[in-house]
Number of protein chains: 2
Amino acid sequence: MSLDKRKVKILKAIISSYIDNAEAVGSRTISKKYELGVSPATIRNEMSDLEDMGYLVQPHTSSGRIPTDKAYRYYVDDLWRKAKISKNPNLDQLMEIIEDKSNELDEIFKNSVRILSQFTKYTSFVVAPQYKQSVIKRIQLVPVSENKVLMLIILQTNIVKQVMLRLSRPIPYNQLEKISESLSEKMYGQRLEDIDKNKDSLIKELYYTRESNSDALMELLPYLMEHISRFEEVNVFSDGITNILELPEYNDVVKAREFISFVEDKTSVAKLLQYNGEEDLDICIGSENKNRELKDCSLITATYKFNGKLIGRIGVIGPTRMDYNNVISTVKSISDAINEIISLNFNGENKE
Amino acid sequence: MSLDKRKVKILKAIISSYIDNAEAVGSRTISKKYELGVSPATIRNEMSDLEDMGYLVQPHTSSGRIPTDKAYRYYVDDLWRKAKISKNPNLDQLMEIIEDKSNELDEIFKNSVRILSQFTKYTSFVVAPQYKQSVIKRIQLVPVSENKVLMLIILQTNIVKQVMLRLSRPIPYNQLEKISESLSEKMYGQRLEDIDKNKDSLIKELYYTRESNSDALMELLPYLMEHISRFEEVNVFSDGITNILELPEYNDVVKAREFISFVEDKTSVAKLLQYNGEEDLDICIGSENKNRELKDCSLITATYKFNGKLIGRIGVIGPTRMDYNNVISTVKSISDAINEIISLNFNGENKE
DNA sequence: GTTAGCACTCAATCGATGAGAGTGCTAACA
DNA sequence: TGTTAGCACTCTCATCGATTGAGTGCTAAC
């Protein structure tokens, strides 16, 4: 038995109908709504074949049929093969919405997931990049008040991280400048990962090569180190978690709660996006997901890059019965927009 | 008919039982679980009286009774009057959790609502202060790369806001210093509100009193202005919205959805917290709320202050059947902690 | 004033019933 | 040989009535 043209047509009609209504579809519905030129009886025969082939299942004997994960996989691959995924044409417009005026990477990600879940009506995530591999360009101390100094850590990528330091006693302005310089000199070109690893020996080293300003410097150093350690924390942004309450499959509060407590756990989401293949665009349907909790969900993710290096993923999670066309094109468009924004605003690691 | 001692005892028992179980309570339950030394029949008579007095209602003739808003009001006032609200003793510990290492006000608020909803199991909010009244102390430009400059806006309160500027052409380092100085000079002591109002005339003024570096300055100015405008946006942080799914009163997805879409709307929440009286601690029970959507909810809010000036509110929203003792003391403790942190880290408007 | 006893009320539960949607099979048809 | 009309069959879902049980209100006795 093979998937001849008519079977494909019927299968697609069933999938399409089920995506729209979340209700098992019967032969009559198909023959009425989709013009196939054959009677319900014929369609019934074909549906029976499709069931044998593993594309459909019947929840119970006298109900219509619903698509299996295999059916969705076929559907998506077909869309893909025929390049039928409609491109979202408004890349510029998207970029404008996503781009943050204050140029903070975190804000860009927050905007991205917001837009993503607004467009898809599902839950969306992004894992913010970890800065392990990042390299320090310069450290600048800015006086704020008598006993407060803002420390700016400027990375090669032009990302700026800040820590506010409280001083035990004031440091004169010109001395701050000097400390900035010597800190910058010491730290220039170092990877955060390495600094974090070797912090004890670094502190010792700085201590022994002390200069006139070293007391103040030694006071500030631990703050810098602690902040660098905190860069390592995984940061996940999500949005639209409560969107699932609109879906009939989550009409049951218990089910909704299970889903929500899974996706609210940043660790599990981070894992999900982390080990999800290296493909630029990844589509994981139902039982293809490793997590048992997601066996009724599909996960569409795309990568974003920093200087050509894959660094993180953005994605949408929804029921297997999702509007793949829309979700895939939206995820793709938004990851494109993010890549564009990053390459415009944050330079490569080793350039300059 | 008056609230004699026994009636009070019974009323409190009923409220307490209903808070725990969310189920209408009957006379037998009371006589068994709470030692009152009287029979169910007697309790029934008293309950009937309490119903006449408006403290209880019966969902239907043959069910137990549930407390009315009036009952909760009595209950809370009584707790209050007798200073029975247990103080959370770990102010220091709380402060440690809430205080953010990077000293960002926003992070402090995020931590606060997180802790608040963790402790109470309800939904919590905070409205971040608007900066209208804030006064600029200094503006500092920090070079980041050839064509990027970080503009730091340092307020009298020692809050630092930042904007990343993209330059059309590089500005030499020493010129940046000069621009910082002249911008600081012009802006020093000005209220953000006033700057925002008079931005056109300010730009004009700066244009006519131009100096050698004015070209670059004029390029940067619009960015500054736009960023100042954005300070005006109300910023609401919330947490624990999905906690309500654990409550039996929201077992119905439709009800849960209604609640969630109300509290996810930042505007409505901001309004809620804004016009909610000037009391340091405010308790609004059920129908006391102006919003029809919240007629089954209670709202506990507390203020926080900047330099003695009331500036925002933090609060918890939950079912009228909430554990008032715990919620009130937690809200109070956390607002205390916030006040303490703010006064330690951010100085008053007109000091220094 | 308190309480035991009892009739009464009403929501929730359970089972039976019928309607409706949909199937599979068969036989007839092009 | 593929298609289709017809029909018996299956299973869910909604409805209805009976039953159960928690709880009340009233009355009469203590």
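Comments concerning the overall build of chain A
Argument step 1. Tallying secondary structure elements over chain A gives 13 helices and 10 strands in all.
Argument step 2. A globule of 352 residues ought to have a C-alpha radius of gyration of about 20 Å, yet chain A, at 27 Å, is considerably larger.
Argument step 3. By principal-axis analysis of the C-alpha atoms, chain A measures approximately 95 × 40 × 30 Å.
Argument step 4. The burial tally for chain A puts 52% of its 352 residues in the buried class.
Argument step 5. A separation threshold of at least 6 residues defines the contact pool for chain A, and within that pool the share at least 24 residues apart is 63%.
Argument step 6. About 16,300 Å² of surface is accessible on chain A, with carbon and sulfur atoms providing 47% of the total.
Argument step 7. The averaged location of the 52 negative side-chain charges in chain A is 4 Å from the averaged location of its 48 positive side-chain charges.

Section: the interface of chain B and chain A
Argument step 1. On the side of chain A, 43 residues touch chain B, which itself brings 43 residues to the contact.
Argument step 2. Summed over both sides, the interface between chain B and chain A buries roughly 3,500 Å², with carbon and sulfur atoms accounting for 50% of that surface.
Argument step 3. By the criterion of area lost to chain A, the three top residues of chain B are Leu245, Val253 and Arg257 of chain B, representing 15% of everything that side buries.
Argument step 4. Inspection of the region where chain B meets chain A yields 4 salt bridges.
Argument step 5. Between Arg257 of chain B and Glu246 of chain A there is a salt bridge; the shortest N-O distance is 3.8 Å.

What to know about the protein's contact with DNA strand D
Argument step 1. Taken together, the neighbourhood of DNA strand D is formed by 21 residues, with Arg6, Thr42, Thr61 and Ser62 of chain A together with Arg65 of chain B sitting nearest.
Argument step 2. A share of 75% is what sugar and phosphate atoms reach among the atoms of DNA strand D within 4 Å of the protein.
Argument step 3. In the environment of DNA strand D, a base nitrogen lies 3.0 Å from a nitrogen or oxygen atom belonging to the side chain of Arg44 of chain B.
Argument step 4. Taking Ser62 of chain B, its main chain carries an N or O atom lying 3.5 Å from a sugar or linking oxygen of DNA strand D.
Argument step 5. Elements with a minimum of two residues in the surface near DNA strand D: helix 3 (40-52) of chain A together with helix 3 (40-52) of chain B.
Argument step 6. Examining the composition of the surface near DNA strand D, we find that 4 residues originate from one element, helix 3 of chain A, more than from any other.
Argument step 7. A per-class count over the surface near DNA strand D returns 3 nonpolar, 14 polar and 4 charged.

Considerations on the packing of aromatic side chains
Residue and element names in this part refer to chain A.
Argument step 1. Following the criterion strictly, the structure yields 10 aromatic pairs over all chains and no others.
Argument step 2. On the numbers, 5.1 Å between centres and 40° between planes, the contact of Phe109 with Tyr304 is tilted. Taken together, the residues Phe109 in helix 6 (residues 105-120) and Tyr304 in strand 9 (residues 297-306) connect sequence positions 195 residues apart. Each member of the pair, Phe109 as well as Tyr304, is classed as buried.
Argument step 3. Positioned above the aromatic ring of Tyr55 is the side chain of Lys70, whose terminal nitrogen or guanidinium carbon lies 4.6 Å from the ring centre.
Argument step 4. The ring of Tyr250 carries Lys255 above its face, with NZ or CZ at 5.9 Å from the centroid.

Observations concerning the sheet that holds strand 4 (residues 136-145) of chain A
Backbone hydrogen bonds are what pair the strands of a sheet, in a parallel or an antiparallel way.
Residues and elements named next belong to chain A.
Argument step 1. Spatially, the 3 strands line up as an open sheet ordered 4-5-6, and their pairing is antiparallel. Both outer strands of the open sheet, strand 4 and strand 6 (160-166), are each paired with one neighbouring strand and no more. Taking the axes of each pair of neighbouring strands and ignoring which way they run, one obtains an average angle of 20° across the sheet.
Argument step 2. Taken together, the 7 bridges between strand 5 (residues 148-155) and strand 6 define a ladder with antiparallel strand orientation. Opposite Ile154, over in strand 6, you have Val160 as the bridge partner.

Quick look at the domain arrangement of chain A
Argument step 1. Domain parsing of chain A yields domain 1 (5-67), domain 2 (91-130 + 234-345) and domain 3 (136-231).
Argument step 2. Once you take the C-alpha centre of each, domain 2 of chain A and domain 3 of chain A turn out to be 35 Å apart.

Observations concerning the pattern of salt bridges
Residue and element names in this part refer to chain A.
Argument step 1. Summed over the entire model, instances satisfying the criterion amount to 40 salt bridges over all chains.
Argument step 2. Between Glu46 and Lys7 there is a salt bridge; the shortest N-O distance is 3.0 Å. Here the residue Glu46 occupies a position in helix 3, and Lys7 occupies one in helix 1 (residues 5-21), the gap between them amounting to 39 residues. In terms of burial, Glu46 and Lys7 fall into one category: buried.
Argument step 3. The residue Arg73 makes a salt bridge to Asp77 at a minimum N-O spacing of 3.1 Å. Taken as a pair, Arg73 and Asp77 lie in helix 4 (residues 69-81) at a separation of 4 residues, close to a single helical turn.
Argument step 4. Overall, Arg73 belongs to the partly exposed group, its relative accessible area being 22%.
Argument step 5. A cluster of three or more residues bridged by salt bridges with shared partners is formed by Asp4, Arg6, Lys7, Glu46 and Asp49.

Quick notes on the protein's contact with DNA strand C
Argument step 1. Around DNA strand C, a shell composed of 21 residues is seen, among which Ser27 and Arg65 of chain A together with Arg6, Thr42 and Ser62 of chain B lie nearest.
Argument step 2. In the interface set of DNA strand C, defined as its atoms within 4 Å of the protein, sugar plus phosphate atoms amount to 76%.
Argument step 3. When residues of the surface near DNA strand C are assigned to their parent elements, the largest contribution, 4 residues, is made by helix 3 of chain B.
Argument step 4. Each residue belonging to the surface near DNA strand C can be placed in one class, and the counts come to 3 nonpolar, 14 polar and 4 charged.

Section: the confidence of the model for chain A
Argument step 1. In the predicted model, chain A carries a mean pLDDT of 87, and the fraction of residues at 70 or more is 94%.
Argument step 2. Of all secondary-structure elements in chain A, the lowest mean pLDDT belongs to helix 9 (residues 199-208) of chain A, at 77, while strand 2 (residues 66-67) of chain A reaches the highest, 97.

Some remarks on the environment of Val38 of chain B
Residue and element names in this part refer to chain B.
Argument step 1. Assignment of secondary structure puts Val38 in the loop between helix 2 (27-33) and helix 3.
Argument step 2. Here Val38 falls in the partly exposed class, since its relative accessible area comes to 22%.
Argument step 3. Between the alpha carbons of Val38 and Arg6 there is a distance of 10.0 Å; along the sequence they are 32 residues apart.
Argument step 4. Residues in contact with Val38, not counting those within four places in the same chain, are Arg6, Ser31 and Ile43.

Some remarks on the relation of the copies chain B and chain A
Argument step 1. Taken as rigid bodies, chain B and chain A are interconverted by a rotation of 180° and an axial shift of 0.1 Å, the fit giving an RMSD of 0.1 Å. One copy is carried onto the other by what is essentially a two-fold rotation axis. The C-alpha atom lying nearest the rotation axis in chain B is that of Val253 of chain B; the distance is 3.1 Å.
Argument step 2. Same-surface contact between copies: 100% of interface residues of chain B are shared with the interface of chain A.

Structural notes on the packing of helix 1 of chain A against helix 4 of chain A
All names here are of chain A.
Argument step 1. Relative to each other, helix 1 and helix 4 sit at 105°, their axes nearing to 11 Å. Relative to helix 4, the element helix 1 is oriented roughly perpendicular. Residues Val8, Leu11, Lys12, Ile15, Tyr18 and Ile19 of helix 1 form the contact with helix 4, whose own contacting residues are Ala71, Tyr72, Tyr74, Tyr75 and Asp78.
Argument step 2. Looking at the contact of helix 1 with helix 4, its residues break down into 9 nonpolar, no polar and 2 charged.

Reading the values: the criteria
Residues numbered from 1 in each chain as written. Chains lettered and ligands numbered in written order. Predicted model: local features only at pLDDT ≥ 70, side-chain atom pairs only at ≥ 80, totals over all residues. Heavy atoms only, no water. Helix = DSSP H or I, 4+ residues; strand = E, 2+ residues; numbered from the N terminus. Rg over C-alpha atoms; globule rule 2.2 N^0.38 Å. Buried < 20%, exposed > 50% of the residue type's maximum accessible area, 1.4 Å probe, protein only. Contact = heavy atoms within 4.5 Å. Areas by Shrake-Rupley, 256 points an atom, 1.4 Å probe, with all protein chains shown as cover. Lys, Arg positive; Asp, Glu negative; His and termini not counted. Charge placed at Lys NZ, Arg CZ, Asp CG, Glu CD. Buried area = accessible area lost by both parts, 1.4 Å probe. Salt bridge = Lys/Arg side-chain N within 4 Å of Asp/Glu carboxyl O. Near = heavy atom within 4 Å. Polar contact = N/O pair within 3.5 Å; in protein donor to acceptor, adjacent residues only side chain to side chain. Nonpolar A, V, L, I, M, F, W, Y, C, P; charged D, E, K, R; others polar. Phe/Tyr/Trp six-rings, centres within 6.5 Å; stacked < 30°, edge-to-face > 60°. Lys NZ or Arg CZ within 6 Å of the ring centre and 35° of its normal. Pairing = 2+ DSSP bridges. Axes fitted to C-alpha atoms, helices over the stretch in contact; angles between N-to-C directions. Domains from an automatic or database assignment. pLDDT = per-residue confidence, 0-100. Least-squares fit on C-alpha atoms with pLDDT ≥ 70 in both. Parallel < 35°, antiparallel > 145°, perpendicular 65-115°, else oblique.

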